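Here's the letter readout for the chains.
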Number of protein chains: 4
Amino acid sequence: MRIDLNSDLGESYGRYTLGMDGEVLRHITSANIACGFHAGDPLVMENTIKAAVENGVSIGAHPGFPDLNGFGRRKMFMSPQELRACILYQVGALKSMVEACGGSLNHVKPHGSMYNMAAKDYEMALVIAKAVKDIDDSLILVGLAGSMLVKAANDEGLPSAGEAFADRAYDNDGFLIPRSVDGSVIHDENVVVDRVVSMIKKGSIKSFYGKEIKLEAETICIHGDTKEALIFAERLRKELSAKGIRIQPLGK
Amino acid sequence: MRIDLNSDLGESYGRYTLGMDGEVLRHITSANIACGFHAGDPLVMENTIKAAVENGVSIGAHPGFPDLNGFGRRKMFMSPQELRACILYQVGALKSMVEACGGSLNHVKPHGSMYNMAAKDYEMALVIAKAVKDIDDSLILVGLAGSMLVKAANDEGLPSAGEAFADRAYDNDGFLIPRSVDGSVIHDENVVVDRVVSMIKKGSIKSFYGKEIKLEAETICIHGDTKEALIFAERLRKELSAKGIRIQPLGK
Amino acid sequence: MRIDLNSDLGESYGRYTLGMDGEVLRHITSANIACGFHAGDPLVMENTIKAAVENGVSIGAHPGFPDLNGFGRRKMFMSPQELRACILYQVGALKSMVEACGGSLNHVKPHGSMYNMAAKDYEMALVIAKAVKDIDDSLILVGLAGSMLVKAANDEGLPSAGEAFADRAYDNDGFLIPRSVDGSVIHDENVVVDRVVSMIKKGSIKSFYGKEIKLEAETICIHGDTKEALIFAERLRKELSAKGIRIQPLGK
Amino acid sequence: MRIDLNSDLGESYGRYTLGMDGEVLRHITSANIACGFHAGDPLVMENTIKAAVENGVSIGAHPGFPDLNGFGRRKMFMSPQELRACILYQVGALKSMVEACGGSLNHVKPHGSMYNMAAKDYEMALVIAKAVKDIDDSLILVGLAGSMLVKAANDEGLPSAGEAFADRAYDNDGFLIPRSVDGSVIHDENVVVDRVVSMIKKGSIKSFYGKEIKLEAETICIHGDTKEALIFAERLRKELSAKGIRIQPLGK
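A brief structural summary. (Residues numbered from 1 in each chain as written. Chains lettered and ligands numbered in written order. Predicted model: local features only at pLDDT ≥ 70, side-chain atom pairs only at ≥ 80, totals over all residues. Heavy atoms only, no water.)

### Here we look at the pairing of strand β2 (residues 30-34) of chain B
Residues and elements named next belong to chain B.
Here is step 1 of the chain: The buried count for β2 comes to five of five residues, which makes it a mostly enclosed element.
Here is step 2 of the chain: By the alternation rule, side chains of β2 split into Ser30, Asn32 and Ala34 and Ala31 and Ile33, which are all buried.
Here is step 3 of the chain: Pairing of strand β1 (residues 2-9) with β2 involves four bridges; the strand directions are parallel. Bridge assignment links Asn6 to a residue of β2, and that residue is Ser30.
Here is step 4 of the chain: Note that β2 and strand β3 (residues 58-62) share five bridges and pair parallel. Considered in β3, the bridge of Ile33 is made with Ala61.
Here is step 5 of the chain: As a crossover connection, the stretch from β2 through helix α2 (residues 42-54) into β3 is right-handed. (Buried < 20%, exposed > 50% of the residue type's maximum accessible area, 1.4 Å probe, protein only. Helix = DSSP H or I, 4+ residues; strand = E, 2+ residues; numbered from the N terminus. Pairing = 2+ DSSP bridges. Right-handed = clockwise from strand over helix to strand, strands pointing away.)

In structure tokens:
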């Protein structure tokens, strides 16, 4: 029994600082580093890569839509050709930078709207999976557990990993209940820990509507923007270890 | 006796088309492809790479300042750390894309103001040379013949190549006479051909002021934006071949 | 009987030139000038404004989504607050620049995907209409004839104008048949002229499916990117004048 | 005896928050609002304008170089035509937005490198002054006290105001000693208050080198990014009022 803990990092930009990257790196096994389109800039990227390498944290590319102002959270519709090139460019830039810093790229996790749209749109997911494969067919494509992105990676013969959100309620189809819905965010830490253990041990979880649904996740998303999130991450690590679950990077 | 003919390509952007890339590729041995900061976008880059690969033309990265509106021609002052990251990012993105398309990156030639500033500023040139070396120490750094950029590459143990401009007058220090000066652009094709042959055979050329100055160039810049430039490129190829000068890519 | 002839202008950007603005200005009565988000930059805007003023052509703002790479043609989803501010900013910038050049802003016509989405989405159209009204309640909002954008302007008490595309086929609901459909673009100039005259005289036109549909347009879009379009614009002007239809700017 | 207290506001961008605008507004009489080029976006601008209007604070445009990544602090060289259009666009956008929110634009203060370069470069300062004048010749142009920007405004017949930095040392020519120099930033609050009073009452101040130099300032810059700066701002207000100096907006 094993699990990876991942977090989105390197989302600062020029004069603007976002996230508590320095502290988050001590709690996670995988860092998804923004690639300059929805967040991040070249210098932020290089500094974040160096910090991840120093902390022995696995590095992934975190490509997003070319929309800094919307932080990659606005839905955008690119042509398949544009989307493909946009993935090649961002993942390629980060990969070369990681290698220039003496590390190696381990995975790719799309960001924001690109992640959410590709979770439901198989054609789009396939474009992403093929682009990642063309960069390096040993890269692990991370997507919402059970989503089209994971399916597309599998269909392309690309390694994949399903991601779960420990503190979020799921509907019966395995999609996240929107944050705007009452009860969609779980605040009781004990419940969150139990859910993560259930995911890992049984590969299932109780949905928002009370149904036991399949949820096979290889990685759990750790939020890195509040002090509370970090304290919780620390607790989660301890409790999982105590239950004999190894915390380790994807594919290692 | 050999020479490389290079041209700046892939400078279109989205709905905007620039240059006659399709035709230029038939006349050159090296393509410097814009990397998305001063020109180019991911899709333009991928399409340009594919066309270069199909034409058997060597591929180089053509990084510039992050200034699409100024086309990388405005002087900008970045910190050494920013400049380094900006080179890693652009060259890295192009390198990965070239490899995803089945090719390999051969050289790097900075664009516009970055090229001109680094020609005179050794510290800046060194930052660029080190960044290119950290990406891949077999990449050839192309700079103005005799400039600080070539010197910095040599000092770093990075392969280098000096570039000459066949139709431009030089001052006694080997710098280009600004286009605004009368007589700085040479329109007589016979003169231009003779100057190129002089550069290659003797490693020297007559300056604007009549002095014979050293000019050792491994590559000649071919403009790709007018019909006339292309007709001239064709003629230049023929005359050089007739004089026993081989036209071939840098380092091959 | 009267009609306005409008064209999208000022879509160049930095080193990139688009459109034949200088010639188009001689054929139209209204210029929709890009505002720097999907195309155009401040210098292009100022130069285009000056040229429009010199030619006595009415000036409108042509705001688009913040997506230069996609030329404002990609669907994007902004919040109502973001969309409102995005309209205020673009229309406001152009309005001030027009006034600094001694002219006055006459109308606003959204561009590309913003235009198309607002044609069908009343809530979005209302956000645009309210923002335009808050800038200046005498501005004329131009939208697809019969669309939600025109309706929203009317509901807000803002002057409006319906736009028609002379060379395009319409479906029975008054929406354009996509260009990808065979027969959706009308190439026979005589047919195009007859359709325009029918729109103006009868306020109706024959749909793609043969049904006579209402189409009340105050302005006709003139393409400005090909020599043929301009030759046709000239012919259209002559034939309309000959039929007693006055060609004049909106609201004048 | 009177003085204005100004602060740079609205420098957040999309997901990125900068500065303590809400609190700063309670301490100042003039807000310089970023215009979307070096910082700020349309929604941030509208929200900042509304907050300034609610707090009865005078509003100024704070245009900068088109360099979000460098926060307008990198030197950039634009042509006079580009610079002019860049000022017209930014000031024009903010002016229209302020008016749409029921306020009126009072002044213009360039940002960062644009401010510093124009302080020493009269030609550049003149381009800025003329552009501001063409937008509205009653706008007050704010520049470093005694600088070329103030001189250019005066020469153009545009209202001007000199700005002073209360906690910074000056050289004998009235320019700021760089922050990197030991002793260039004054941390003793009593000294800072005394210096401000000296500026206002005597129009002079002691330079870094001990010489009494002329420093006629109509406005003092208040930093808004630390708690300490705000506490100091409050103290400054009290002490100035106690000494009979009225704190009020420029030109009112």
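### As for the nonpolar core
Here is step 1 of the chain: With 324 residues, the main nonpolar core has Leu94(A), Leu94(B), Ile128(B), Leu94(C), Leu94(D) and Ile128(D) as its most contacted residues.
Here is step 2 of the chain: Beyond its immediate stretch of four places on either side in the chain, Leu94(A) contacts Ile33(A), Ala34(A), Cys35(A), Met45(A), Ile49(A), Ile59(A), Gly60(A), Ala61(A) and Leu105(A). (Core = buried A, V, L, I, M, F, W, Y, C linked by side-chain atoms within 4.5 Å. Contact = heavy atoms within 4.5 Å.)

### Things to note about a nonpolar patch on the surface
Here is step 1 of the chain: A grouping of Val181(A), Phe208(A) and Tyr209(A) is seen on the molecular surface, where their side chains present a nonpolar patch of about 280 Å² in accessible area.
Here is step 2 of the chain: The topology assignment puts Phe208(A) in the loop between β7 (204-206) and β8 (212-214). (Patch = residues over 30% accessible without salt bridge, like charges linked within 9 Å, V, L, I, M, F, W, Y side chains within 5 Å. Areas by Shrake-Rupley, 256 points an atom, 1.4 Å probe, with all protein chains shown as cover. Salt bridge = Lys/Arg side-chain N within 4 Å of Asp/Glu carboxyl O.)

### Let's talk about the interface of chain B and chain C
How big an interface is tends to be stated in terms of accessible area lost as the parts join.
Here is step 1 of the chain: Taken together, the contact between chain B and chain C spans 15 residues of the former and 15 residues of the latter.
Here is step 2 of the chain: A combined buried area of about 1,400 Å² lies between chain B and chain C, and 56% of that area is made up of carbon and sulfur atoms.
Here is step 3 of the chain: Considering only the side of chain B, the residues that lose the most area to chain C are Arg15(B), Tyr16(B) and Asn69(B), jointly responsible for 55% of the buried surface there.
Here is step 4 of the chain: Counting across the interface, chain B meets chain C through two salt bridges.
Here is step 5 of the chain: The salt bridge involving Arg15(C) is made with Asp225(B); its shortest N-O contact spans 3.9 Å.
Here is step 6 of the chain: The tally of links between chain B and chain C comes to four residue pairs in polar contact (both at pLDDT 80 or more).
Here is step 7 of the chain: Tallied by class, residues from the side of chain B that touches chain C come to six nonpolar, four polar and five charged. (Buried area = accessible area lost by both parts, 1.4 Å probe. Polar contact = N/O pair within 3.5 Å; in protein donor to acceptor, adjacent residues only side chain to side chain. Nonpolar A, V, L, I, M, F, W, Y, C, P; charged D, E, K, R; others polar.)

### A look at the relation of the copies chain B and chain A
Here is step 1 of the chain: Between chain B and chain A, the superposition needs a rotation of 180° and an axial shift of 0.0 Å, giving an RMSD of 0.0 Å. Put plainly, the chains are arranged around a two-fold axis. When each C-alpha of chain B is compared by its distance to the rotation axis, Ala93(B) comes out closest, at 1.9 Å.
Here is step 2 of the chain: Both copies share a contact surface, since 100% of the interface residues of chain B are interface residues in chain A too. (Least-squares fit on C-alpha atoms with pLDDT ≥ 70 in both.)

### Concerning the side chain of Lys95(D)
Here is step 1 of the chain: Among the secondary structure elements, Lys95(D) is positioned in helix α3 (residues 80-100).
Here is step 2 of the chain: Setting aside its immediate chain neighbours within four residues, Lys95(D) contacts Ser96(C), Leu105(D), Ile135(D) and Asp136(D).

### Details of the relation of the copies chain B and chain C
Superposition of the two copies of the chain requires a rotation about an axis together with a shift along that axis.
Here is step 1 of the chain: Laying chain B over chain C is done by rotating through 180° and shifting 0.0 Å along the axis; what remains is an RMSD of 0.0 Å.
Here is step 2 of the chain: Mapped onto chain C, 100% of the interface residues of chain B again fall at the interface, so both copies present the same surface.

### Regarding helix α5 (residues 122-135) of chain A
Here is step 1 of the chain: Across its 14 residues, α5(A) extends 20 Å between first and last C-alpha, which sits within 8% of the 20 Å expected from 1.5 Å per residue.
Here is step 2 of the chain: Residues Met124(A), Ala125(A), Leu126(A), Val127(A), Ile128(A), Ala129(A), Ala131(A), Val132(A) and Ile135(A) constitute the buried set of α5(A).
Here is step 3 of the chain: Buried residues along α5(A) sit in contact with α3 (80-100), β4 (105-108), α4 (112-120), β5 (140-144) and α6 (148-156) of chain A together with α3 (80-100) of chain B.
Here is step 4 of the chain: Its side-chain oxygen at 3.1 Å from the backbone nitrogen of Glu123(A), Asp121(A) defines the N-terminal cap of α5(A). (Expected span 1.5 Å × (residues − 1).)

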